[in-house]
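Below, each chain spelled out in residue letters.
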Amino acid sequence: MAENVRTDVAAGPASAGAAPADGTPPPAARRRPGRGSVTLLVVLLLAVVAGAGAATIHARQSPAAGPPSGPPWTPTASPSTGPTPTGTGLRSLAPANLRIGSAVEMKLLDADPRFRDTFTTNFNALTAENAMKWRNLEPTRGGYNWAPSDQLVEFGQAHGQAVYGHTLVWHTAVPSWIDESWDTETIRDLLRNHVSTVVGRYRGKVWAWDVVNEVLDEQGGLRDTIWLRKLGPGYIADAFRWAHEADPNARLFINEYGTEGRTRKADGLFRLVRELRAVGVPVHGVGFQSHLRWDRTPDDTTGNLRRFADLGVSVAITEMDVRITLQVTTEKLQRQERLYRHMLRACLTVPTCESFTVWGFSDATSWINTTYPDHGAACVFDADLEPKPAYDALVETLRERRGRVDVPSPGSG
Ligand code: XIL
């Protein structure tokens, strides 16, 4: 892997656990226990990993040199086939090459018809907020729980919504039955089997996958996870290759947070993607989660997205929300509105931005409420499902775009 990335891998443990670049404490799900006692061991281990050098990022299978294979994505290549609601929802305003999505849980769609209508009227893509995470799909070894995820895929197909698969490899969603003391080959086989099984099951039904999620630390080096510790940096390339084998038509993304603007972490992501592409790993896109806070604007988002696009990958806003410190005020809602506008504009400015996805759309059910103490109101609809200024900003921004360029008729996707 590239010289800089390798250096950062070795530097990873010293910086791991730091607050995200936006200065807020990481959510509980991202905290790692007992780091102090294992730091020395990890440093030594990673020094070995780093010393393994350039070959390790694409270890195991020797890739063909040159750009990765995989078809360019077009809206017509999407597996979604169901009816498309017309009307004035966000999806009706989206250009043909852009999906507007939201993360969602099946139980919320089942529970509330108004929630369901708001969802289908506004979004032509869906991401499983939790149903496709490994821990939830396979709670016991070999004991799969496919129902919630199957139902979401069927829901998407029935409502003309492309399904975005989230996520195959994520350190916080590792099933509890996996034991890190197992030998490397066992762990590798488990990961390979997981990727192949899940992608294979939804072959032709899931248009894009977050193959790896949050693999970087705050300094832009590789995050210290079970996968890095057991398999070395090559696990990333391997996961992409396994996913590509299982569904050659799926768009394969690397997804990250804190990389929307020009941060050190974004630089690390850039180097990693460049290196993976250079050795032919089938990375087709980069997802920018965009969990923002109301009082910070990412630096040069458009320029940052562009530099990734210039590597030949698509980009996507994959998990946007804007959390507000309580109490909510008019000023904070205005700042929130500006941030939603800022991110959608950046996405619309970069021609290969394939989707703009929010991480939930209702303030009543957003993960922010339970994950960030004293924060809330992060979505574009309020807790009564009434549109907020941020929603109006998305509508306006999509309309501006329609005024400027020739796009197909509403409801085209
Ligand atoms: C979150 C879900 O929203 C929560 O319901 C769950 O408890 C934890 O995970 N980055 C990601 C998402 O990639 O998978 C996370 O989703 C939010 C942060």
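Residues numbered from 1 in each chain as written. Predicted model: local features only at pLDDT ≥ 70, side-chain atom pairs only at ≥ 80, totals over all residues. Heavy atoms only, no water.

For the rest of this paragraph, the subject is the packing of aromatic side chains. For the structure shown, the criterion picks out 16 aromatic pairs. Geometrically, the ring pair formed by Trp146 and Tyr202 is edge-to-face, given 6.1 Å between the ring centres and 75° between the ring planes. With Trp146 in the loop between helix H6 (134-137) and helix H7 (147-158) and Tyr202 in the loop between helix H8 (184-201) and strand E4 (206-213), this pair connects stretches of sequence that are 56 residues apart. Pair check on accessibility: Trp146 and Tyr202 agree, each one buried. (Phe/Tyr/Trp six-rings, centres within 6.5 Å; stacked < 30°, edge-to-face > 60°. Helix = DSSP H or I, 4+ residues; strand = E, 2+ residues; numbered from the N terminus. Buried < 20%, exposed > 50% of the residue type's maximum accessible area, 1.4 Å probe, protein only.)

What follows is about the site of the ligand. Near the ligand there are 13 residues, and of these Glu129, Lys133, His166, Asn213 and Glu319 occur at the shortest range. With respect to the ligand, the side chain of Gln289 contributes an N or O atom lying 3.3 Å from an oxygen atom. Here the ligand loses 80% of its free accessible area of 410 Å² to cover by the protein chains. Looking at the shell around the ligand residue by residue, the class counts come to three nonpolar, five polar and five charged. (Near = heavy atom within 4 Å. Polar contact = N/O pair within 3.5 Å; in protein donor to acceptor, adjacent residues only side chain to side chain. Areas by Shrake-Rupley, 256 points an atom, 1.4 Å probe, with all protein chains shown as cover. Nonpolar A, V, L, I, M, F, W, Y, C, P; charged D, E, K, R; others polar.)

Moving on, we get to the nonpolar core. Trp209, Trp227, Ile254, Phe308 and Phe356 are the most contacted members of the largest nonpolar core, which has 99 residues in total. Setting aside residues no more than four positions away along its own chain, Trp209 makes contact with Met132, Gly165, His166, Leu168, Val198, Val199, Tyr202, Ala250, Arg251, Leu252 and Phe253. (Core = buried A, V, L, I, M, F, W, Y, C linked by side-chain atoms within 4.5 Å. Contact = heavy atoms within 4.5 Å.)

Across the junction of His166 and Thr167, the peptide omega takes the value -5°, indicating a cis bond. Here Thr167 shows up in strand E3 (residues 162-170). Residue Gln327 is bonded to the preceding Leu326 through a cis peptide linkage, with omega at 10°. Following the sequence through the fold, Gln327 ends up in the loop between strand E8 (314-325) and helix H13 (330-349). Within the chain, Glu214 stands out as a residue other than glycine whose phi angle is a positive 55°. Within the secondary structure layout, Glu214 lies in the loop between E4 and helix H9 (226-231). In the Ramachandran plot, Asp300 falls in the positive-phi region, its phi being about 55° despite a non-glycine side chain. Mapped onto the elements of the fold, Asp300 is located in the loop between strand E7 (291-293) and helix H12 (301-309).

Low pLDDT means the predicted atomic positions in that stretch should not be read closely. Counting all residues, the mean pLDDT for the chain is 84, and 76% of those residues have values of 70 or more. Mean pLDDT values over the elements of the chain span from 31, in helix H1 (residues 3-15), up to 99, in strand E5 (residues 251-256). Confidence over residues 1-56 falls short of pLDDT 50; this stretch has 82 contacts with residues more than four positions distant or in other chains. Note that pLDDT drops below 50 for residues 405-413; the model gives that stretch 16 contacts with residues more than four away or on any other chain. (pLDDT = per-residue confidence, 0-100.)

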